[in-house]
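Descriptive analysis of the structure
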Amino acid sequence: MDKIVVRGNGPLNGKISISGAKNACLTLMPATLLSEEPLTLTNAPRLSDIRTMTTLLRSLGAEVQTMQEGKVIAMSSHDADNHVADYDIVRKMRASNLVLGPLLARHGHAVVSLPGGCSIGARPMDIHVSALEAMGAEIELKDGYLHAKTSGGLKGADITLRFASVGATENTVMAATLAKGTTVLRNAAREPEIVDLVECLRKMGAEIEGEGTDTITIQGVDRLHGATHPVVADRIETGTYMLAPAIAGGEVELIGGRIDLLGAFCEKLDACGIDVTETPTGLIVRRRNGRVNAVNVVTEIFPGFPTDLQAQMMAVMCTAEGVSVLEERIFENRFMHAPELIRMGAHIDVHGGTATVTGVDKLKGAQVMATDLRASVSLILAALGAEGETVVNRVYHLDRGYERVEDKLSAVGAHIERVSEDE
Ligand code: EPZ
């Protein structure tokens, strides 16, 4: 298992290029199942989660070719005839459940393993199931698999999600593109990755409006054609690297970063003393003074503060001036980074979904353990400003969602290297 070794090395300076969004690419790829014609994605990120989705689509009979070292993904599901998404693949990545809606819409049946829980929570699929049942799907759970079928095809429906689930919104929108009639999806998620998916589906001939609001209307069509679509910039990667100079000091330009994708996150940065300036090529970020101010954070659905940036913000608050309270409202167990930060000298009290962080002057390097994707990158951020050496173990979590993190941070002066360990 690889490790990443970081030594606090003072202020950062330089440019980091932002990759395509993992969470957009993971919903854009299953969209190929909706059409017999080729769908090509450009600006795709090179990540292990994308490779897992590639394996899944190939297991369903789709052709998936990657070019330009993975930045271009050319897919065709013309001959895709398998509709069973196997547990062995789905258990590795929850986003595999995004083939459910497209398989149902295209083939009229699907067998998709329940993803099972992961470290951040139980992550059930009840909202996906009730939305698809409202469109006429018959879905039953058997041996850990969702067995879904429609007799006569999906029908448009007026659906209200009990919670604005990102994945349930994506599955339902994709299914509705080929349903008979009109679907109105209320309390829909508004994340930029959903806007990106709809823009791609529209290029494929789908008739959709309202993306980015809480009500999306989809007029079903008989078939979708092929398209080429660039994956939107990754707002979570952008937010993550915006916090690097917040911890280590200096000034970093994020090429391709887009402030319009960051909702309430940028307001928080301003409150804690981080300046963000838009440039023609991206964003310049620098810490206003020697130390950031403590701020309170509540994670919410978009455009609120993203849950996927909570761990990274906690790392910044560990050496902020004052006390900050972080409330995690989206997942039931997303503070696993706290005990690891405490090993580095942070003062954090966790009670249920609330973490209270009392800023200290400096953290100290230590051996720490990555537990999930965003927790692992928060440890790297903390290490950038810590005294001495930090060794982050189990970095396979990191490689799921961050492309070449050691290269991108070294390029701005961080002392960071990957150490490949024998098993
Ligand atoms: C997406 O997951 C993202 N993943 C997550 O990013 C992100 O944290 C999450 O949205 C929230 O923004 C991808 O896009 C691939 P949800 P998703 O359905 O769709 C509960 C990362 O680090 N829920 O909006 O699975 C669920 O348990 C990952 O990149 C139900 O109860 O998130 C959770 O508590 C982590 N029943 C909450 O809703 C359901 O049927 C939000 O889940 C579905 C969800």
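Because the structure is a prediction, the values reported are computed rather than measured.

What follows concerns the sheet that holds strand β12 (residues 207–209). Taken in spatial order, the 4 strands line up as β10-β11-β13-β12 in an open sheet, and their pairing is mixed. Edge strands, defined here as strands with exactly one partner in the open sheet, are β10 (158–160) and β12. Strand after strand, the sheet turns through a mean of 15° between neighbouring axes, direction not considered. Relative to strand β13 (residues 215–219), strand β11 (residues 182–186) is paired through 5 bridges, and the arrangement is antiparallel. Among the inter-strand pairings, Val184 is bridged to a residue of β13, identified as Thr217.

Before going further, it helps to spend a moment on the packing of helix α4 (residues 100–107) against helix α6 (residues 166–176). Two numbers describe how α4 lies on α6: the axes approach to 7 Å, and their chain directions differ by 15°. Considered as vectors, α4 and α6 are oriented roughly parallel to each other. Where α4 crosses over α6, the handedness of that crossing is right-handed. Note on element contacts: α6 touches α4 through Asn171, Met174 and Ala175, opposite Leu100, Gly101, Pro102 and Ala105. A class-by-class count of the residues in the contact of α4 with α6 yields 5 nonpolar, 2 polar and no charged.

Quick look at the site of the ligand now. As a structural note, the neighbourhood of the ligand is formed by 23 residues, with Arg94, Ser165, Asp308, Ile330 and Arg374 the closest of them. Lys22 places a polar side-chain atom, nitrogen or oxygen, 2.9 Å from an oxygen atom of the ligand. With respect to the ligand, the side chain of Arg94 contributes an N or O atom lying 2.7 Å from an oxygen atom. Considering the ligand on its own, with 830 Å² of exposed area, one finds that the protein chains cover 89% of that surface. Sort the elements by how many residues they give to the shell around the ligand and helix α5 (residues 126–134) lands first, with 3 residues. Looking at the shell around the ligand, its residues break down into 10 nonpolar, 5 polar and 8 charged.

So, on to the UniProt feature "binding site: phosphoenolpyruvate" (unreviewed entry) in the protein. The UniProt entry lists Lys22 and Asn23 under the feature "binding site: phosphoenolpyruvate" (unreviewed entry), expressed in the numbering used here. Relative to the helices and strands, Lys22 is located in helix α1 (residues 22–28). We classify Lys22 as buried; its relative accessible area is 8%. If near-sequence neighbours (up to four positions away) are discounted, Lys22 is found in contact with Pro45, Leu47, Asp49, Ile50, Asp234, Leu373, Arg374, Arg400 and Gly401. Mapped onto the elements of the fold, Asn23 is located in helix α1. Asn23 has contacts with Glu170, Glu193, Asp308 and Arg374, leaving out every residue within four places of it along the chain.

What counts as what
Residues numbered from 1 in each chain as written. Predicted model: local features only at pLDDT ≥ 70, side-chain atom pairs only at ≥ 80, totals over all residues. Heavy atoms only, no water. Pairing = 2+ DSSP bridges. Helix = DSSP H or I, 4+ residues; strand = E, 2+ residues; numbered from the N terminus. Axes fitted to C-alpha atoms, helices over the stretch in contact; angles between N-to-C directions. Parallel < 35°, antiparallel > 145°, perpendicular 65-115°, else oblique. Left-handed = near helix turned anticlockwise from the far one by under 90°. Contact = heavy atoms within 4.5 Å. Nonpolar A, V, L, I, M, F, W, Y, C, P; charged D, E, K, R; others polar. Near = heavy atom within 4 Å. Polar contact = N/O pair within 3.5 Å; in protein donor to acceptor, adjacent residues only side chain to side chain. Areas by Shrake-Rupley, 256 points an atom, 1.4 Å probe, with all protein chains shown as cover. UniProt positions renumbered as here; feature names shortened; annotations may be inferred. Buried < 20%, exposed > 50% of the residue type's maximum accessible area, 1.4 Å probe, protein only.

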